[in-house]
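Breakdown of the fold
These are the residues of each chain, in order.
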Amino acid sequence: MADTYTPPVQGTGIKATIQRIGGHLAGMIMPNIGAFIAWGLITALFIPTGWLPNATLGAMVDPIIKMLLPILIAYTGGRMVHGQRGAVVGAVAVMGVVVGADIPMFLGAMIIGPLAALVMKYVDKFTEERTKSGFEMLVDNFTAGIVGGVMAIAGMFAIGPIVQGITTAASGAVGWLIDNGLLPFVSVLIEPAKVLFLNNAINHGVFGPIGVAEAAESGKSIMFMLESNPGPGLGLLLAFLFFGPRALRPSTPAAMIIHFFGGIHEMYFPYVLMKPRLILAMIAGGAAGVATFMVTGSGLVATPSPGSIFAYVAVTPRGGWLGMIAGILIATAVTFIVAAVLMGFGRGEKEVPADDPTTDATPEPAEDAERTERAEQAGQAEPARAEAQEPEQTPQSQPRTIAKEA
């Protein structure tokens with residue numbers, strides 16, 4: 001399932017391992033994006049600071065973020081490991097993590113869902129050869145119930161507190177960066193990791209849980225905007241459109257549409273990998289966007305997934321339009337300018353006219369050389385044939401001579 005949302009990973013190194021982890025994280029999150037969007041819309045509309053404040057409808061916000069979404073993530077993760085039985089056990093096990101913590105347990109769900117399913121998988125292997133005919137349903141149901149209950153208890157007393165401690169520490173680190181005005185420097189880590197296709201691991205595995213906790217308290221979070229900003233990618237593609245290699249320019253308009261309006265950031269990753277120095281432009285644009293979000297006090301109520309302009313509009317709280325748009329536009333402009341400078345404003349990309357007379361004369365020397373080579377080969381072949389025929393005639397002439405002498 002993870003392969004549906006991320007490119008296939010080759011190799012066994014550290015980078016490949018991290019990419020596989022990111023692929024599994026994406027495989028647990030992406031099938032449930034509809035539920036995230038539903039929660040984001042309900043939050044944006046009905047919380048006290050929303051577009052249509054309503055206390056009755058707003059009461060759905062907390063149960064969805066703390067209960068439903070972690071259960072869906074654990075269910076999906078369990079299904080990836082051990083099918084439907086793994087999904088059920090994962091959903092049961094995550095309840096211990098959810099009840100044992102006071103923050104949304106996305107990361108905990110990503111851990112305990114596949115882990116419980118893996119335990120269930122080994123238990124099934126142990127019992128399937130030892131279960132007598134007619135007792136399969138009884139054994140399957142009881143083993144699933146026992147594994148689910150035990151993992152729920154383990155989640156409440158072990159996994160939940162550990163994940164909560166990690167989340168608290170990460171939130172403190174991010175808070176320190178914000179308090180000291182250093183949050184834009186996080187782009188130095190984000191942008192290189194993104195072009196290695198680690199965007200889903202960063203967004204859903206690191207910033208998502210922190211952002212959800214902040215949004216539950218204050219109604220919005222800048223964490224949702226650090227990795228998902230479509231501005232840097234748009235700026236890079238615009239630079240390629242005007243100053244990139246001539247052969248690539250026709251492909252950039254479609255890539256811009258898919259990236260900016262469709263939210264598929266992977267569209268611009270190959271362009272950066274083609275000219276690695278452009279990662280400096282991505283870092284500059286990302287940092288500029290984050291700085292703008294900080295200055296304007298911007299934030300989103302949920303993860304904008306996919307990271308398109310439409311998703312940003314859908315999860316922007318009331319009063320946050322100006323800062324959101326400004327951050328995207330400034331990130332686009334900074335990336336475009338830096339990338340254009342790094343590409344020399346296209347001075348090295350010379351286009352050869354189609355009617356250039358030198359192009360017509362170019363094949364002639366090659367054709368003449370080819371004809372000369374054929375002639376030389378033909379001239380060498382004729383003596384070879386003559387030499388090959390002489391040995392054939394000599395054995396035939398010898399018997400005739402002997403016959404006459406006889």
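Residues numbered from 1 in each chain as written. Predicted model: local features only at pLDDT ≥ 70, side-chain atom pairs only at ≥ 80, totals over all residues. Heavy atoms only, no water.

Side note on helix α9 (residues 231–243)
For the record, the criterion: Numbering of helices and strands runs from the N terminus, with a helix taken as a DSSP run of H or I at least four residues long and a strand as a DSSP run of E at least two residues long. To estimate the expected span of a helix, subtract one from its residue number and multiply by 1.5 Å. The cut-offs for exposure are 20% and 50% of the maximum accessible area for each residue type, with area from a 1.4 Å probe on protein chains only; residues under the lower value are buried, those over the upper are exposed, and the others partly exposed. Contact between two residues is taken to exist if any of their heavy atoms lie within 4.5 Å; hydrogens are not considered.
For α9, spanning 13 residues, the distance from its first C-alpha to its last is 18 Å, which sits close to the expected 18 Å at 1.5 Å a residue. For α9, a buried count of 10 out of 13 residues is recorded, marking the element as mostly surrounded by other parts of the structure. Here α9 has its buried residues at G231, P232, G233, L234, G235, L236, L237, A239, F240 and F243. Against α10 (252–261), α11 (269–274), α12 (279–296) and α14 (321–342) lie the buried residues of α9.

Considering helix α4 (residues 61–99)
Stated formally: Note that bend, as reported per residue, equals the angle between axes fitted to the 7 residues terminating at that residue and the 7 residues originating from it.
Counted at 1.5 Å a residue, the expected span for α4 with its 39 residues is 57 Å, but the 17 Å between its end C-alpha atoms falls short. H82 marks where α4 bends most, by close to 145°.

Here we look at the packing of aromatic side chains
How we decide: Working definition: a ring pair exists when centres of Phe, Tyr or Trp rings (six-membered ring for Trp) sit within 6.5 Å. Plane angles under 30 degrees give stacked, over 60 give edge-to-face, the rest tilted. Charge-over-ring placement is defined geometrically: NZ (Lys) or CZ (Arg) within 6 Å of the ring centre, and within 35 degrees of the ring normal.
Evaluation of the coordinates by the stated rule reveals 8 aromatic pairs. When the centroid spacing of 6.3 Å and the interplanar angle of 50° are considered together, the rings of F242 and F243 count as tilted. Under the relative-accessibility criterion, F242 is labelled partly exposed at 48%. Classification of F243 by relative accessible area gives buried; the value is 17%. Ring geometry for F261 and F310: centres 5.7 Å apart, planes at 40°, overall tilted. On the criterion of sequence distance, the pair formed by F261 in helix α10 and F310 in helix α13 (residues 309–314) is long-range, its members being 49 residues apart. F261 sits in the partly exposed class, given a relative accessible area of 42%. One aromatic cluster is present, built from ring pairs that chain together F242, F243, F336 and F345. Above the face of the F126 ring, R130 is positioned so that its terminal group lies 4.1 Å from the ring centre.

Some points on the environment of F269
Mapping F269 onto the fold places it in helix α11. Considering only alpha carbons, one finds F269 and I279, 10 residues apart in sequence, at a separation of 9.9 Å.

Things to note about the packing of α9 against α10
Counted only if it meets this: Note on definitions: angles span 0 to 180 degrees between N-to-C directions of axes, and those axes are lines fitted to C-alpha atoms, for helices only across the stretch in contact. Orientation categories follow fixed angle ranges, with anything under 35 degrees roughly parallel, anything over 145 roughly antiparallel, 65 to 115 roughly perpendicular, and all other angles oblique. Residues are sorted three ways: Asp, Glu, Lys and Arg are charged, Ala, Val, Leu, Ile, Met, Phe, Trp, Tyr, Cys and Pro are nonpolar, and all the rest, Gly among them, are polar.
Running from amino to carboxyl end, α9 crosses α10 at an angle of 175°, the nearest separation of the two axes being 9 Å. Between α9 and α10, the angle falls in the class roughly antiparallel. Every residue of α10 that contacts α9 at G233, L234, L237, L238, F240 and L241 is listed here: T252, P253, A255, M256, H259 and F260. Among the residues making up the contact of α9 with α10, the classes are represented as 9 nonpolar, 3 polar and no charged.

What to know about a nonpolar patch on the surface
Quick note on the threshold: Without a salt bridge and with relative accessible area above 30%, a residue can belong to a patch; like charges are then joined within 9 Å and nonpolar side chains (Val, Leu, Ile, Met, Phe, Trp, Tyr) within 5 Å. Working definition of accessibility: Shrake-Rupley area with a 1.4 Å probe, residue cover restricted to the visible protein chains. Within this document, salt bridges are pairs made up of a side-chain nitrogen of Lys or Arg and a carboxyl oxygen of Asp or Glu, the two lying within 4 Å of each other.
Together, W51, L52, V313, W321, I325 and L329 make up a nonpolar patch on the protein surface, roughly 540 Å² of accessible area in all. Counting residues per element, the nonpolar patch draws most heavily on α14, which supplies 3 residues. Residue placement: I325 occurs in helix α14. In this structure I325 comes out as partly exposed when scored by relative accessible area, which is 40%.

Some words on the side chain of T252
Mapped onto the fold, T252 is located in helix α10. Those residues in contact with T252 that lie beyond four places of it in its chain are L237, F240, L241 and Y271.

A word on the pattern of salt bridges
With the rule as written, the count across this model stands at 2 salt bridges. With a shortest N-O distance of 3.7 Å, D62 and K66 are connected by a salt bridge. Here K66 and D62 lie together in helix α4, a separation of 4 residues that amounts to about one turn. Relative accessible area serves as the criterion here: at 41%, D62 is assigned to the partly exposed category. Under the relative-accessibility criterion, K66 is labelled partly exposed at 27%. Measuring nitrogen to oxygen at the nearest pair gives 2.9 Å for the salt bridge that ties D124 to R85. Taken together, the residues D124 in helix α5 (residues 106–128) and R85 in helix α4 connect sequence positions 39 residues apart. Residue classification places D124 among the buried residues on the basis of a relative accessible area of 11%.

Focus on the nonpolar core
Quick reminder of the rule: By nonpolar core we mean a set of buried residues, namely Ala, Val, Leu, Ile, Met, Phe, Trp, Tyr and Cys, connected to one another through side-chain atoms within 4.5 Å.
In terms of nonpolar packing, the biggest core is built from 83 residues, with L69, I73, L226, L236 and Y268 touching the most fellow members. Element by element, the count of residues in this core is highest for α4, at 11 residues. Ignoring any residue separated from it by four or fewer positions in sequence, one finds I73 in contact with M28, I29, N32, F36, F106, A109 and M110.

A closer look at the environment of L183
Looking at where L183 falls in the secondary structure, it is placed in the loop between α6 (136–179) and α7 (187–218). L183 sits 111 residues away from M294 along the chain, and the two C-alpha atoms are 8.3 Å apart.

Observations concerning the packing of α9 against α14
Just so we agree on the cut-off: When the near helix sits turned anticlockwise from the far one by under a right angle, the crossing is termed left-handed; a clockwise turn instead gives a right-handed crossing.
Where α9 meets α14, the axes come as close as 7 Å, and the angle between the chain directions of the two elements is 40°. Where α9 crosses over α14, the handedness of that crossing is right-handed. Here G231, P232, L234, G235, L236, L238, A239, F242 and F243 of α9 come into contact with α14, specifically with I328, A331, T332, T335, F336, A339 and A340. In the contact of α9 with α14, the residues fall into 12 nonpolar, 4 polar and no charged.

Comments concerning the side chain of H259
Counted only if it meets this: Each polar contact in these results corresponds to two N or O atoms within 3.5 Å; when the atoms are within protein, one needs to be able to donate a hydrogen and the other to accept it, and residues that are neighboring in sequence are counted only if both atoms are side-chain atoms.
Examined against the element boundaries, H259 turns out to sit in helix α10. Judged by relative accessible area, H259 falls into the buried class, the value being 0%. A polar atom in the side chain of H259 sits 2.9 Å from the backbone oxygen of P230. Among the polar contacts listed, one links the side chain of H259 to the backbone nitrogen of L234, at a separation of 3.3 Å.

Structural measurements only, silent on function.
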